[in-house]
Amino acid sequence: MHKATAQDSVVSLKRLNNGAARVIHAFAGIGKVCGADSVSRVEWHAAELLGGHYGRSHLSILRGRELRFLLLLIGVCVWLWFAFGPNPVLRSGFFHEGFAVMLLIMVGSVARPFTGGNEAEWIRYLEELVRSERDRVMAILNSMEEGVVIIDLDRKIRFMNPSMVREFGDGVGLHCYRHLRGLDEPCGEICRLPNVIRGKNERWEYIFPDGRTYDVIGSPFADLDQVPCMLATFRNITQRKQAEIELVKLNQLKSDLLSQKTRELEEISREVAKLEEQERRFVRFLRVVAHDLQSPLAATQTCLWDILDGYCGKITDEQRDMLERSSRRIDGLSTLIGDLLDIPRIEAGQIVHEMKETSLSEVIERSVDELSNLAKEKGITLKVELPQSLPRIHGSSIRLQQVVRNLISNAIKYSREGTVLVRATEDEGDLRVEVIDSGIGILPEDLPLLFTDFFRGKNVETRGTGLGLSISKRIVEAHGGRIWAESPCPETGKGSKFSFTLPKVAGPQDSSVNQNRPEPRLSK
């Protein structure tokens, strides 16, 4: 009677553990692939041992000291088998936990279910242990985002977790290539199953016909029946791959655009080089022509002055008028020739040799003094506003006076009445000179072309060479500054405002220049 009861207990234990042991054993491999900690694996293996390997009928009659000694001996044997047995998976997975398993068995040998009590209590204990481990394993499997599948040597699917079933449908018992990819034969080189079966860990990507892409990690695994299998995790990386493809396309597009822009810049550079060469030839031509014309014009002007001064006899009023007009024309030509000669000198950098530390206040005052009579003749008030202390600059006083004189003369020339204001201010890193008039102003379409060679505005009636502003721009830029125009003037709403800046040098201006100026001066 007692023997029959023990045999029934063994059958019940085996039937209970057959279902749970497969799950626990499978998840041991999953833990190896997914990085589960060693303590969890020790618990799984201990549960498997306690649940399926010691349900023998003859143990039910052992009690006390004999049972504890026998279990201790079995624990040592089990540890030695795990550590040095023929199965490489067991060796690699359980070597470090074997001693812990042995300790668990030793502790279990002194527990009440093993030393006393009835078989029903022993069965309930093992049922609860296996059930809790099974539930925990299944809960983790159900919550995993990655799909987990076990495939044997015959390429048949032995296990699929819920995530894998959601992705591909339930295919347990079917061939993997038919269920997962819809093929009639194995996948060929893309499948890493043979390598994994031989003991290698593999990682590769599966691209399915519908565009889905999976990152697959395969590890060797031995099922309960010791059949070599592959335990694989499938992670859906479709969105990531699509983003990578888009990134590659964007990089290619960027590379194409960069190549196109590079070619365009190279073409523009060649065109600019051609224009610069043409400009240099033109400047050389101007220099030669201007130099050849300057001498005969100077001789002609001298002769006209001698005639006007009466050295060649008396002349009539009509003759005087004609000679004076001729002299003015020659003066205009001389000015044009001087401007033409200035351009190649500035372009050649000769102005650098004329630079030294100088006073901008003196430059402005001399320019105003030279043009004060012209302003009086037209009935225009010429005002100057200079601060009491203005830093010195490094530059050519003659060339800067040429710039200021040109701006003031233009303001007077194109104003019928009103006031011309010349003002100097100090900014953080430079000095600014402004010339403001109340004249005819500048048309909006003429502003971008104002500082180009030989340009004259459409609303200008007086004669001129069209080189004054372009030469002024060259001079200012040679000093490291910039020049610009605004029309109408932002302050008055009429006329024009010309401004240019110059970098200042350290140290205040000579006190002799401004020591007697108590406040901004208004002159002329």
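Residues numbered from 1 in each chain as written. Predicted model: local features only at pLDDT ≥ 70, side-chain atom pairs only at ≥ 80, totals over all residues. Heavy atoms only, no water.

With respect to the overall build of the chain
From N to C terminus, the chain includes 16 helices and twelve strands. When the 524 residues of the chain are sorted by exposure, 40% land in the buried category. Relative to all contacts within the chain whose residues are 6 or more apart in sequence, the contacts with residues 24 or more apart total 62%. Summing over all exposed atoms, the chain offers an accessible surface of approximately 29700 Å²; the carbon and sulfur share of this is 55%. (Helix = DSSP H or I, 4+ residues; strand = E, 2+ residues; numbered from the N terminus. Buried < 20%, exposed > 50% of the residue type's maximum accessible area, 1.4 Å probe, protein only. Contact = heavy atoms within 4.5 Å. Areas by Shrake-Rupley, 256 points an atom, 1.4 Å probe, with all protein chains shown as cover.)

Details of the confidence of the model for the chain
Model confidence for the chain is summarised by a mean pLDDT of 76, while 73% of its residues fall at 70 or above. In the predicted structure, residues 112-117 sits below a pLDDT of 50 and forms 15 contacts with residues beyond four places in sequence or in another chain. For the stretch residues 506-524, pLDDT sits under 50, and the model shows 45 contacts to residues farther than four places along the chain or on other chains. (pLDDT = per-residue confidence, 0-100.)

Thoughts on the pattern of salt bridges
When the charged atoms of two side chains with opposite charge come close together, those side chains can pair. Under the definition given, this model contains 28 salt bridges. Its salt-bridge partner being R203, residue D215 comes within 2.5 Å of it at the nearest N-O pair. You can see D215 sitting in strand β4 (residues 213-222) and its partner R203 sitting in strand β3 (residues 202-207), a full twelve residues away along the chain. With a relative accessible area of 8%, D215 lands in the buried category. For E264, the salt bridge goes to K261, with nearest N and O atoms at 3.6 Å. Taken together, the positions of E264 and K261, both in helix α11 (residues 238-308) and three residues apart, correspond to about one turn of that helix. (Salt bridge = Lys/Arg side-chain N within 4 Å of Asp/Glu carboxyl O.)

Remarks on the pairing of β3
Every other side chain in a regular strand lies on the same face of the sheet, so the side chains alternate between the two faces. Residue alternation in β3 divides its side chains into a buried set, E202, W204 and Y206, and an unburied set, R203, E205 and I207. The pairing of β3 with β4 spans six bridges and is classified as antiparallel. What sits directly across from R203, in β4, is I217. From the end of β3 to the start of β4, which pair antiparallel, there are five residues, and G211 there has a positive phi angle of about 100 degrees. (Pairing = 2+ DSSP bridges.)

A few points about the sheet that holds strand β1 (residues 147-152)
On the basis of which strands lie adjacent, the open sheet formed by five strands has the order β2-β1-β5-β4-β3 and antiparallel pairing. Looking at strand neighbours, the two that pair on one side only are β2 (157-160) and β3, the edges of this open sheet. For this sheet, the mean inter-axis angle between neighbouring strands, taken without regard to orientation, is 25 degrees. Across nine bridges, β4 lies against strand β5 (residues 228-236) in antiparallel orientation. Across the sheet, F221 pairs through a bridge with C229, a residue of β5. (Axes fitted to C-alpha atoms, helices over the stretch in contact; angles between N-to-C directions.)

What to know about the sheet that holds strand β9 (residues 419-426)
Overall, mixed pairing links the five strands, which are arranged β7-β9-β10-β12-β11 in an open sheet. The open sheet terminates on both sides in strands that have one partner only, identified here as β7 (381-385) and β11 (482-486). Sheet twist, expressed as the mean angle between neighbouring strand axes with direction ignored, is 15 degrees. As paired strands, β9 and strand β10 (residues 430-436) are joined by six bridges and run antiparallel to one another. Directly across from A424, in β10, lies its bridge partner V433.

Brief notes about unusual backbone geometry
The omega torsion across S487 and P488 is 0 degrees, close enough to zero to call that bond cis. Within the element layout of this structure, P488 appears in the loop between β11 and β12 (497-503). Despite not being glycine, R155 shows a phi value in the positive range, around 65 degrees. Despite not being glycine, F454 shows a phi value in the positive range, around 65 degrees. Mapped onto the elements, F454 comes out in the loop between β10 and α15 (468-478).

Considering a nonpolar patch on the surface
Taken together, the side chains of L250, L253 and L257 present a nonpolar region at the surface, about 280 Å² in accessible area. Within the secondary structure layout, L257 lies in helix α11. (Patch = residues over 30% accessible without salt bridge, like charges linked within 9 Å, V, L, I, M, F, W, Y side chains within 5 Å.)

Examining the packing of aromatic side chains
With the rule as written, the count across this model stands at nine aromatic pairs. Seen in terms of ring centroids, Y214 and F234 are 6.1 Å apart; in terms of plane orientation they differ by 65 degrees. Their pairing is edge-to-face. In this pair, Y214 sits in strand β4 while F234 sits in strand β5, placing the two residues 20 residues apart along the sequence. Comparing Y214 with F234, the two get one shared label, buried. Three or more aromatic residues joined by ring pairs form one cluster here, namely F168, W204, Y206, F208, Y214 and F234. (Phe/Tyr/Trp six-rings, centres within 6.5 Å; stacked < 30°, edge-to-face > 60°.)

Some thoughts on the environment of P209
Residue position: P209 is located in the loop between β3 and β4. According to the relative accessible area criterion, P209 is exposed, its value standing at 76%. In the structure, P209 is positioned 28 residues away from R181 in sequence and 8.1 Å away in space, judged by C-alpha atoms.

Quick word on the packing of α11 against helix α12 (residues 317-347)
Orientation of α11 relative to α12, taken along the N-to-C sense of each, is 150 degrees, at an axis distance of 8 Å. Of the possible angle classes, the one that applies to α11 and α12 is roughly antiparallel. You can see that α11 and α12 cross each other, and the crossing is left-handed. (Parallel < 35°, antiparallel > 145°, perpendicular 65-115°, else oblique. Left-handed = near helix turned anticlockwise from the far one by under 90°.)

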